Amino acid sequence: MASKIKRVITFIVVIAVIILGCIAVKPFYIVNEGEQVVVKRLQRIVSTQTEAGMYFKMPLIDIVTTYPKKILSLDGDTEEIQTKENLLIVVDITSRWQISNPEKFYQKFQTLDNGYKALSGIVDSACRTIITQNSLSEIVRSSNKINQVPEVEEGESISIEDSVRSASQNDVVKLGRTALCLQMVEEANKNVSDWGITVIDIVPRQIKYSDKLTESVYSRMIKDRNQVARAYRSEGEGKKEELLGKLAKDKQTKTSEAYKRAEEIKGEGDAEAARIYAEAYSKDPEFFTFWKSMESYKKTLKDYNATYSTNMDYFDYLYGANGR
């Protein structure tokens with residue numbers, strides 16, 4: 001009985017040692033979500049796994065290399081590139097890429113850092129190739145909206161800035177920034193198709209003039225702004241002369257109308273005065289003559305310091321004995 005128990009215990013211990021040994025050599029590996037692996041055995045790739053789960057491997061022989069399955073980003077180096085019209089610009093680009101074939105990627109690079117370094121050169125080269133073949137307008141713009149002058153209805157006028165902008169004759173965009181970015185992606189994928197890599201997009205984060213061109217660009221901007229300012233001043237002077245002419249015309253018209261009305265009123269007043277005088281004369285001709293003489297004395301005699309003779313009919317009412 002004791003020997004039987006001893007054999008059972010021995011069997012359990014052996015099984016436990018075997019289980020612990022299997023655990024120690026790790027015969028299984030786990031692929032997490034967002035990961036993919038390459039299994040290498042004796043310098044030869046035996047399998048790849050792109051789905052999450054637990055998989056078996058040969059302990060102590062198989063080597064498992066894990067790569068991310070998600071989309072990765074790559075920030076390129078800021079570099080100076082010459083456009084088609086020989087303008088030197090500074091371009092800062094960023095791109096997104098993905099390991100589409102882990103087996104090819106492992107054969108080419110083994111490590112993720114090596115893939116980053118190689119892809120960085122490919123992306124920079126693709127960007128430079130496309131930019132040097134196109135003008136600056138194609139690189140920075142996606143449409144010709146800036147060239148469009150707003151439609152105006154009859155009686156309306158186009159603003160000065162719109163007219164100046166229309167006259168500046170901006171370059172016509174045939175492809176545009178979006179299409180050029182797609183060309184960069186296509187150019188880059190030509191060179192990485194055998195690397196197990198897919199470039200998803202390439203986007204310029206910043207495009208600016210080189211420091212060598214900054215002064216000339218500022219001068220051009222100042223010139224454009226001065227052109228707009230001159231146009232505003234010219235329009236302002238035209239409006240000023242138009243308003244002054246209208247003001248003078250309105251003044252002359254109103255003055256003429258006022259003078260005409262004043263003359264009409266004076267005429268009406270003289271007519272009314274003549275009527276009143278006539279009525280007064282008809283009622284008492286002698287009093288009317290007297291009154292008119294008094295009015296005449298008041299107007300004329302004040303201008304003379306002395307009168308040397310009053311022997312005339314004019315002074316009858318002033319010096320006559322009877323005041324007649």
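From a predicted model like this one, the values you see are computed outputs, not experimental measurements. (Residues numbered from 1 in each chain as written. Predicted model: local features only at pLDDT ≥ 70, side-chain atom pairs only at ≥ 80, totals over all residues. Heavy atoms only, no water.)

S.K.: I tried to follow the pairing of strand E7 (residues 79-82) on my own but got confused; where do I start?
M.R.: Successive residues of a regular strand alternate their side chains across the two faces of the sheet. The alternating pattern of E7 places Glu79 and Ile81 on a buried face and Glu80 and Gln82 on a face that is not buried. Note: E7 against strand E8 (residues 88-99), four bridges, orientation antiparallel. Within E8, the position partnered with Ile81 by the bridge is Ile89. Hairpin connection of E7 to E8: five residues between the antiparallel strands, including Asn86 at a positive phi of 70°. (Buried < 20%, exposed > 50% of the residue type's maximum accessible area, 1.4 Å probe, protein only. Helix = DSSP H or I, 4+ residues; strand = E, 2+ residues; numbered from the N terminus. Pairing = 2+ DSSP bridges.)

S.K.: Help me out: how do you make sense of the packing of aromatic side chains in this one?
M.R.: Pairs of aromatic rings are described using the distance from one ring centre to the other and the angle between the two planes. In this structure the tally under the stated criterion is five aromatic pairs. Ring geometry for Tyr67 and Phe105: centres 5.1 Å apart, planes at 80°, overall edge-to-face. One end of the pair, Tyr67, is in strand E5 (residues 62-68); the other, Phe105, is in helix H2 (residues 102-108), with 38 residues separating them in the sequence. Of the two residues, Tyr67 and Phe105, both sit in the buried class. Geometrically, the ring pair formed by Phe109 and Trp195 is edge-to-face, given 5.2 Å between the ring centres and 90° between the ring planes. Of this pair, Phe109 sits in the loop between H2 and helix H3 (112-132) while Trp195 sits in the loop between helix H6 (177-192) and strand E9 (197-209), and the two are 86 residues apart along the sequence. By relative accessible area, Phe109 is classed as buried at 5%. Put simply, the rings of Tyr67, Trp97, Phe105, Phe109, Tyr116 and Trp195 pair up and form one aromatic cluster. (Phe/Tyr/Trp six-rings, centres within 6.5 Å; stacked < 30°, edge-to-face > 60°.)

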